[in-house]
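Structural overview
Listed below are the residues making up each chain.
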Amino acid sequence: MAKNPKILSIVLAGGEGTRLMPLTRDRAKPAVPFGGVFRLVDFPLSNLVNSGYRQVVVLTQYKSHSLDRHISQVWRFSPLLGSYVSPVPAQQRLGKHWYLGSADAIYQTINIIEDVQPDIVVIVGADHVYRMDFEQMVQQHIESGAEFTVAGIRQPLSQSNQFGVIEVDSQHHNMIKSFQEKPETTTGLPDAPDQILASMGNYVANTDALFDALAIDGKSENTKHDMGGDIAPYFASRNEAGVYDFNSNEIPGATPTDHAYWRDVGTIKQFYDAHMDLIAYVPEFNLYNTEWPIYTMSGNLPPAKFVHAGRDRLGHATDSIVSPGVIVSGGEVHHSILSPNVRIHSWAQVVDSVLFDGVVINRRARVYKAILDKNVVLTENSTVGIDTEHDMARGFTVTPDGITVVPKNTVVDD
């Protein structure tokens, strides 16, 4: 391995995101807005750039227009030093089929890796919220001698069927003994029987070994062509797979509260809960860490504005995130996130909710524990999240936890 190995980063952004419907009805999962001004894809891209890795390929597939547009408009680098973030759509290079899985997505774009000729490939997902210095993971990968390294994080045993589960070699704590993809049952950790070591979906691989594994997987019939389900177990079976403990990752400016924060936002509840983490008094994930910023571009917008301070109405927001371009005009906002260009009119109430760009809440309308997609309009006196049966009758998604989701461009008129 070279002293300063050449690194190529690949972001897997082709996920359909069916569990996030209706938020993914018109966009790919990595393009879903998050935290007011960001998209989910901004988090892995920011982590890679902050880690010093600025040759990045983003593999897209489903409903990718919004995602491609965001990357092309926001993630533009000067080519002077060879930096780029390049979206690559599915191209059917190996046959008349789309990506069959995450491993197949990389195998179908292996020509791009060959053109770059990296020593190491960093592979990350595009639909998690976290901060991570990948350089630290790459350094451990090199020192361990592993051909393939998986980033791991502790999760509840009850969620084992949602993750790849890592069993660590008791003699070599940086190496994987076995890897199971989303098992229905498994055993807990020796020091924490109610926890598992779960794969974060982030990988570091030596290029030649990765090529060999992908070629074998591509010819196999008994495979799902998945990085977690097939490639990681392949390396584990050969005693060539390492594990990187995410808890050891040190981020400049991190607080004890948000150290090693990582959230899968694959369901509506997870997506909603991750937003609520942002607005806690001491946030579980601190968006305001300027030493490891999350990059995006929220447009040429004016500052947020609050108007009306009379006896009968007060335009205000408490325990909330308010984005640029928002006007709260005599309405009340509590424990919520308002994305750019939202309008809250007199005597309206928004509580425990997430409002995407351009949402309009007219006079005396009320929103409770809801996610409103872009350009939703509530007419005067209308409600969302007040009456579950009424919301379901109107075709809105209501989760078992009582979170109501209103699709993009809906006009809610009671």
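The name given to the chain in an unreviewed UniProt entry is Glucose-1-phosphate adenylyltransferase, with the source organism recorded as Bifidobacterium tsurumiense. UniProt, in the comment section headed Sequence similarities (unreviewed entry), describes the chain in these words: "Belongs to the bacterial/plant glucose-1-phosphate adenylyltransferase family." Under Subunit (unreviewed entry), UniProt gives the following word-for-word description of the chain: "Homotetramer."

Here we look at unusual backbone geometry
Residues Met21 and Pro22 are joined by a peptide bond in cis, for which omega reads 5°. Here Pro22 lies in the loop between strand S1 (7–13) and strand S2 (33–34). Although it is not a glycine, Asn375 sits at a positive phi angle of roughly 65°. Take Asn375: its relative accessible area is 38%, and that puts it in the partly exposed class.

Digging into the layout of surface pockets
Empty space within the largest pocket amounts to approximately 1,300 Å³. Every residue lining the largest pocket is counted, 42 residues in all, and those nearest its centre are Ser102, Asp127, Glu181, Lys182 and Asp226. If you list the elements that add at least two residues to the lining of the largest pocket, you get S1, helix H3 (102–108), strand S10 (176–181), strand S11 (195–206), helix H7 (227–237) and strand S13 (262–264). Residue classes in the lining of the largest pocket are distributed as 15 nonpolar, 17 polar and 10 charged. In this model, the second largest pocket occupies a volume close to 530 Å³. Contributing to the lining of the second largest pocket are 23 residues, with Glu167, Val168, Leu189, Pro190 and Leu197 lying nearest its centre. Considering every element that reaches the lining of the second largest pocket, the biggest residue donor is strand S9 (residues 164–168), with 4 residues. In terms of residue class, the lining of the second largest pocket is made up of 9 nonpolar, 9 polar and 5 charged.

Thoughts on the nonpolar core
Judged by nonpolar contacts, the single largest core of 40 residues is most densely connected at Leu59, Ile106, Phe148 and Met227. The leading source of residues in this core is H7, at 6 residues. Excluding residues within four positions of it along the chain, Met227 makes contact with Leu12, Ser102, Ala103, Ile106, Ile123, Phe148, Tyr203, Leu210, Ala232 and Pro233. In this structure, Val11, Ala28, Leu48 and Ala126 belong to the second largest nonpolar core, which totals 37 residues.

Here is what the cut-offs are and how they apply
- Residues numbered from 1 in each chain as written.
- Predicted model: local features only at pLDDT ≥ 70, side-chain atom pairs only at ≥ 80, totals over all residues.
- Heavy atoms only, no water.
- UniProt positions renumbered as here; feature names shortened; annotations may be inferred.
- Helix = DSSP H or I, 4+ residues; strand = E, 2+ residues; numbered from the N terminus.
- Buried < 20%, exposed > 50% of the residue type's maximum accessible area, 1.4 Å probe, protein only.
- 1 Å grid on protein atoms, 1.4 Å probe; cavity = no way out; pocket = protein on both sides within 12 Å on 5 of 7 lines; lining within 4 Å.
- Points joined across faces, edges and corners; volume = space filled by probe spheres on them.
- Nonpolar A, V, L, I, M, F, W, Y, C, P; charged D, E, K, R; others polar.
- Core = buried A, V, L, I, M, F, W, Y, C linked by side-chain atoms within 4.5 Å.
- Contact = heavy atoms within 4.5 Å.

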